[in-house]
Each structure stands twice: as structure tokens, then as C-alpha cells.
Amino acid sequence: MANIKPQRVLSDLRTLATFGSYKSGVHRPTLSASDIAARQWFAARMREAGLDAEIDGIANLLGKSRASGRKALSGSHLESQNHAGWLDGALGCVYALEAARAISEDAATQHLGVDVVVFCDEEGHFGSFLGSRSFIGSLEESEIDGASDRATGISMRQSLAAADWAGRPRHLIDPSRYVAFFEAHIEQGDTLETEQLRIGVVTAIVAIWQYGFTVTGEQNHAGTTSMTRRRDAGLALVRLLSAIDKRFPEICGPRTVWTTGRITLDPGSHSIIPGRAESLFQLRDADPTVLDRLHAELFRLVDEANAARRCELAINVISQSTPARMDERLMQALDASAQRHAPGKHIRMPSGAGHDAQWLARKLPAAMMFVPSIGGISHHWSENTADEDIVLGAQVFTDAIADALKG
Ligand SMILES: [Zn+2]
């Protein structure tokens, strides 16, 4: 068996946390000085591990194994959200590197190859999954031309030039080189911790469906318009949202989530009945039949509200992504490895957050593995995972990759 080296895993993660350290977490936005330095340091660690590592024209870092035969591809991202945690992304990069090292160090597995990849901008400082989309060939140069940092306004081209990576060719996946893509990540929720489990095997990355509600009523005086006569767009919207919240639990899936992220009332004043109200609404699930059912119900509830004839309600679909199913054979490899190292302490679960793996799944059989997040916290500097869980996860992950390569 390819044994991971616990101290090497923990020390690589702690070193990465020194790039842009902030309280007990990191502040390492994409292509910031600390992100550039972290990528360079990680490339050097890849080379020490015998991988041929190159950073490309969009700051994706690929470390290629020299082993013959088809390989596994594994990795995640190194940049962080602003003032966020030390493990989000970094954990998956270090696990991938450790899998490559441990597999190449063991006589029984050293013929197997693992390529390690670090994607750029999974956290969306410049755009949406620019690195992983570039790697699978789904990113035009024009989108990079138009990308700029949401916080600073600095263009991506300028930032790439500052890092001396502008103009380099971009790495493009060669699907025939690989049997599978594996990504490890912190769970970012509290399912594992609450159920006292240690490993999550991801079944699918959820789809996100987004909607806008618009309600038209009649703007009028809040003091002189009787309650029977008024057509309050704000009230009609809140009633609709309340009806959704009452109905959805009866027909949703076990892990469906829905969120009203914004409500605006027009004109939005003390003494004026709102003539217009708008809201942004989002739902997430991994099961297309659940998504279809909830989608139809939203339209039915809007029709029902319109039948009351007080205000006019409209729903428009903003976006509907597709859930990314993980590969059954790879999930079984993760289940079996988790059962060997943490019997009875693992579970299959969907990912409620987006990850690079959802893009890689379009080109390769893909799998994801979670380790527990203490208190379910992430995207915050206090994010953490127990050292024992970090070490256990690295071994489970490495074994599953070796098994998938052998099978
Ligand atoms: Zn992440």
C-alpha cells in the first residue's frame, strides 16, 4: 500500500498558509502577490516530487508524471476567498501532490502515474471557474480579455503579465492520458461533523437554478389608501415567498436548499405603498427530477397568486445549470478505501457548493472526497479541520486513486 507521510502533508499545508496569512486563515486572492508566490512554491514542490511542472498562460499549474500508461489527474485550487480559510483549495492540492508522491515511493504502485493540477480562480475573483474551464477547452481568449478583479478592478491580462505568465500557451486536457479526475476538499458544511463521520464520498455536485420574481401593484399613499383598495406589490411578493417556503418542504429532496438572496421594493419609502417589488431566488439540488418538480411548483404558485388578482406576478428563469454526477466506479474506490481506514465512518453525499470537478466531469470520470469542517465553517478565516482528519483523508484519497489506476 502507498503510505502517505502525515508530517509532509501537514507541513506542506502549514507552509501554504504562510502565503498571505490572515489571523488563523489566509487572504490570497487570485494572482495577488501571495497567490503568485504560492503557485511558484507549489510548482517547486511538484518538481521535487519528480513531476514536470509548468504554469500556463492563465496561471493553471500542471505537474505531469513520467510514469508510462494512463494516469490519474488530481488537484484543486490555491487562491482563497478574501480573508478566508487555509484549507479551502489548498487541501485538495496537497492531497493530490501527496498521492503522487506516496504512489511513486511504494514498490507496488510506483509504475502508476498521478498528474497534479492547480486551477486558477476557482473562487471567482476574476470570473467563473476560469482555470478549470480553460483546462477543458471551454474558455475563449475574449473572456480572459474582459476579466477583471471584482475587488480591485485590475484586469486579468495585467495581473498575468505582472506574474510573467502572459502569452504562455494554456494547458489543455488530453482525455486519453487519464483514467479519472479526483478532487479532495473540505466539506464546508456540518453533515460529517454532526453525524460523527470522517469521510464524505460525493455523489454529485448540485445544480443551481436561479429565478427573478417581479410583482407589479399600484404605488399609492400609505395613509389614505384603504387596506381593501390597495395593491401592495411588496406584500404580494412576501406572500409568494412564504407560500414557497410552506410548500417546498412537502415536495423537495432530502438536501434541497432554497434562498431568497435579494428583495427590493420600489420606491422603498415609509409612506408609500410599493408599486413594484422584485426578488432573486435560487434553488440547489443534485437530482434533476426534484429540480423539475420544484421548478413547476414555482410557476404554479405564481399562477395561484395571480388568480387572487390583487397584483401581477411574473417569474423569469435566470439560469439553470446541470448537476455533475460523479463516476460510480470511482465512488466505489473511495467507499472501499474509506471503509479500510475508517470503518463505518463514511457516507455518500452531494456537494452543495460548486467545485472544479464539475467541469472536469465533462471530460473524464470524476470523483470528489470530503473531510469534516469544524463547526461547518468555511469562507471565513476560522475555517479548520482536525489534524487527524487531514491525515486520514490523505490516506483514504491516495489509496482510492491507486485502486482506480490498478482497476
Ligand atoms: Zn474550494
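Everything that follows concerns the structure shown earlier in this document.
First things first, this report covers the structure right here in the doc. (Residues numbered from 1 in each chain as written. Predicted model: local features only at pLDDT ≥ 70, side-chain atom pairs only at ≥ 80, totals over all residues. Heavy atoms only, no water.)

### A few points about the packing of aromatic side chains
- Following the criterion strictly, the structure yields 10 aromatic pairs and no others.
- Relative to Phe397, the ring of Tyr95 has its centre 5.9 Å away and its plane inclined at 40°; by these criteria the two rings are tilted. Of this pair, Tyr95 sits in helix α3 (residues 90-105) while Phe397 sits in helix α12 (residues 387-406), and the two are 302 residues apart along the sequence. Of the two residues, Tyr95 and Phe397, neither departs from the other in class, the shared state being buried.
- Ring centres of Phe248 and Trp258 lie 5.2 Å apart, and the angle between their planes is 80°; on these two criteria the pair is classed as edge-to-face. Taken together, the residues Phe248 in helix α8 (residues 233-251) and Trp258 in strand β11 (residues 257-266) connect sequence positions 10 residues apart.
- The exposure class of Phe248 is buried, given its relative accessible area of 0%.
- Assessed through its relative accessible area of 22%, Trp258 is described here as partly exposed.
- Grouped by ring-pair contacts, the aromatic residues Phe213, Phe248, Trp258 and Phe281 constitute a single cluster.
- Above the ring of Trp359, the side-chain terminus of Arg133 is found at 5.7 Å from the ring centroid. (Phe/Tyr/Trp six-rings, centres within 6.5 Å; stacked < 30°, edge-to-face > 60°. Helix = DSSP H or I, 4+ residues; strand = E, 2+ residues; numbered from the N terminus. Buried < 20%, exposed > 50% of the residue type's maximum accessible area, 1.4 Å probe, protein only. Lys NZ or Arg CZ within 6 Å of the ring centre and 35° of its normal.)

### Overview of the packing of helix α1 (residues 6-16) against helix α2 (residues 33-48)
- It is at 11 Å that the axes of α1 and α2 come closest, and there the two elements cross at 155°. Here α1 lies roughly antiparallel to α2, going by the angle between them. With respect to the hand of their crossing, α1 and α2 are arranged in right-handed fashion. Contacts from Arg8, Asp12, Thr15 and Leu16 in α1 reach Ala38, Trp41, Phe42 and Arg45 in α2.
- Taken together, the residues of the contact of α1 with α2 sort by class into 4 nonpolar, 1 polar and 3 charged. (Axes fitted to C-alpha atoms, helices over the stretch in contact; angles between N-to-C directions. Parallel < 35°, antiparallel > 145°, perpendicular 65-115°, else oblique. Left-handed = near helix turned anticlockwise from the far one by under 90°. Contact = heavy atoms within 4.5 Å. Nonpolar A, V, L, I, M, F, W, Y, C, P; charged D, E, K, R; others polar.)

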